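Structural characterization, general
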Amino acid sequence: ELVKPQGRAWPEAHGSPVRWIPPPIGLMKINVDVALAKNSRVVAAAAVARDVGKFLGASAMVMEGLLEPNTVETIACKKGLALARDLVVRDFSLSCDNAEVIRSIREGTMGSYGHIVQEIRARSREFNFVDFVHEGRQSNFDAHVLARSSVYDELGRHVWFVSPPNGICIFYEAQ
């Protein structure tokens with residue numbers, strides 16, 4: 001269970017306290033999100049991995065030119081799988097705040113981003129168990145912050161393994 005750290009206030013997202021939702025017992029969790037840079041065509045897809053609230057790793061892919069939100073959210077899910085592979089994790093939950101994208105991945109729905117969905121479904125077979133879940137933005141705070149801060153980084157993939165990037169996973173402690 002997660003508790004409020006002593007002496008710190010919970011961050012707020014859209015007026016609701018931020019609460020990371022732990023995965024079922026035995027699973028690690030990856031939260032993904034995206035951000036678009038203002039005044040440019042740069043987007044960032046971010047993934048943050050935790051196990052019982054403890055930081056395991058994070059990545060951000062900074063790209064130029066992709067502006068369709070569902071396509072970028074689907075790419076974020078694909079990057080979440082890449083982070084799981086980097087961390088050599090076999091059983092995990094991948095959480096995204098876009099219900100349509102999660103539904104597409106679960107059902108294999110084709111659309112403008114269907115080719116990415118098919119790649120995600122194929123790559124997910126490399127793992128023992130992957131649960132794609134939709135959760136609201138208030139439980140996806142760290143991935144959102146990482147995506148927003150990454151849109152100003154160099155194009156390409158950025159990865160953190162030992163220590164989280166600045167501003168990520170600072171509001172959580174295991175009880």
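Because the structure is predicted, anything quoted here is derived from the model rather than measured.

Describing the nonpolar core
Grouped together as the largest cluster of nonpolar side chains are 31 residues, with contacts concentrated most on Ile30, Val32, Cys77, Phe92 and Phe132. Mapped by element, the contributors of at least two residues to this core are strand E4 (28-36), strand E5 (42-51), strand E6 (54-64), helix H1 (69-86), strand E7 (91-96), helix H2 (99-107), helix H3 (114-124) and strand E8 (129-134). At 7 residues, H1 tops the list of elements feeding residues into this core. In this view, Cys77 contacts Val32, Leu94, Cys96, Val101, Ile105 and Ile120; residues no more than four positions away in its chain are not counted. Ranked by size, the runner-up nonpolar core spans 18 residues in total, among them Ala46, Val48, Ala60 and Leu146.

Some remarks on the pairing of E6
Along E6, 8 of the 11 residues are buried, which leaves the element largely enclosed by surrounding structure. Bridge analysis of E6 against strand E9 (residues 156-160) gives 5 bridges, and the strand direction is antiparallel. By the bridge assignment for E9, Ala58 is matched with Trp160.

Structural notes on the packing of aromatic side chains
This model, assessed by the stated rule, comprises 1 aromatic pair. Measuring from ring centre to ring centre gives 5.0 Å for Phe92 and Phe127, while their planes differ by 90°; the resulting arrangement is edge-to-face. Taken together, the residues Phe92 in strand E7 and Phe127 in the loop between H3 and E8 connect sequence positions 35 residues apart. You can call Phe92 buried: its relative accessible area is 0%. Judged by relative accessible area, Phe127 falls into the buried class, the value being 8%.

Let's talk about the confidence of the model for the chain
The predicted structure's coordinates, where accompanied by low pLDDT, should not be read in detail. Residues with a pLDDT of 70 or more make up 86% of the chain, whose mean pLDDT is 85. When the criterion is pLDDT under 50, residues 1-14 qualifies, and its contacts beyond four places in sequence or with other chains add up to 33 contacts.

As for the side chain of Arg50
Mapped onto the elements, Arg50 comes out in strand E5. Take Arg50: its relative accessible area is 2%, and that puts it in the buried class. At 2.6 Å, the side chain of Arg50 and the side chain of Asp142 are in polar contact.

Considerations on the sheet that holds E8
Strand order in the open sheet formed by 6 strands is E8-E7-E4-E5-E6-E9, with mixed pairing between adjacent strands. The open sheet is flanked by E8 and E9, the only strands paired with a single partner. On average, adjacent strands in this sheet sit at an angle of 15° to one another, irrespective of strand direction. Strands E4, E5, E6, E7, E8 and E9 of the sheet are contacted by H1, whose axis makes an angle of about 140° with E4. Along the sheet, H2 contacts E7 and E8; its crossing angle with E8, the most-contacted strand, is approximately 150°.

Notes on the packing of H2 against H3
Direction vectors running N to C along H2 and H3 enclose 60°, while the axes themselves pass 9 Å from each other. In terms of their interaxial angle, H2 and H3 are classed as oblique. Crossing handedness for the pair H2 and H3: right-handed. Residues Ser104, Ile105, Arg106 and Glu107 of H2 form the contact with H3, whose own contacting residues are Val117, Ile120 and Arg121. A breakdown of the residues in the contact of H2 with H3 according to their chemical character gives 3 nonpolar, 1 polar and 3 charged.

Section: unusual backbone geometry
Backbone geometry follows two general trends: most residues other than glycine have a negative phi, and most peptide bonds adopt the trans configuration. You will see that Asn39, though not glycine, has its phi angle at about 65°, which is positive. Take Asn39: it is sitting in the loop between E4 and E5. Given a relative accessible area of 85%, Asn39 falls into the exposed group. In the Ramachandran plot, Val88 falls in the positive-phi region, its phi being about 55° despite a non-glycine side chain. Note that Val88 resides in the loop between H1 and E7. Looking at Val88, the relative accessible area reads 67%, which means it is exposed.

Conventions used here
- Residue numbers restart at each chain and count upward from 1, following the sequence in its written direction.
- Confidence filtering applies because this is a predicted model: local features only for residues at pLDDT of at least 70, side-chain atom pairs given and counted only at 80 or more, and all residues used for totals across whole chains, interfaces and linings.
- Only hydrogens and water are removed before side-chain values are computed, so all heavy atoms of the structure are retained for them.
- Residues enter a nonpolar core if they are buried and are Ala, Val, Leu, Ile, Met, Phe, Trp, Tyr or Cys, with the set joined through side-chain atoms within 4.5 Å.
- When a residue's accessible area, from a 1.4 Å probe over protein chains only, is under 20% of the maximum for its type it is buried; when over 50% it is exposed; and in between it is partly exposed.
- Runs of E in the DSSP output that reach at least two residues are strands. Runs of H or I that reach at least four are helices, and both are numbered from the N terminus.
- Note on contacts: a residue pair is in contact if any heavy atoms of the two residues lie within 4.5 Å.
- Note on pairing: two strands pair once DSSP finds at least 2 bridges between them.
- Each Phe, Tyr or Trp ring, with Trp reduced to its six-membered ring, pairs with another whose centre is within 6.5 Å; inter-plane angles below 30 degrees give stacked pairs, above 60 give edge-to-face pairs, and intermediate values give tilted ones.
- The score called pLDDT rates the predictor's confidence residue by residue, from a low of 0 to a high of 100.
- Any pair of N or O atoms that falls within 3.5 Å is considered a polar contact. Within protein, one atom must be able to donate a hydrogen and the other to accept it, and sequence-neighbouring residues count only if both atoms are side-chain atoms.
- For helices, the axis comes from a line fit to the C-alpha atoms of the stretch in contact; other axes are also lines fit to C-alpha atoms, and the angle between any two N-to-C directions lies between 0 and 180 degrees.
- To sort the angles, those under 35 degrees are grouped as roughly parallel, those over 145 as roughly antiparallel, those from 65 to 115 as roughly perpendicular, and the leftovers as oblique.
- Helix crossings fall into two classes, left-handed where the near helix is turned counterclockwise from the far one by less than a right angle and right-handed where it is turned clockwise.
- Any residue that is not Ala, Val, Leu, Ile, Met, Phe, Trp, Tyr, Cys, Pro, Asp, Glu, Lys or Arg is counted as polar, Gly included; the first ten are nonpolar and the last four charged.

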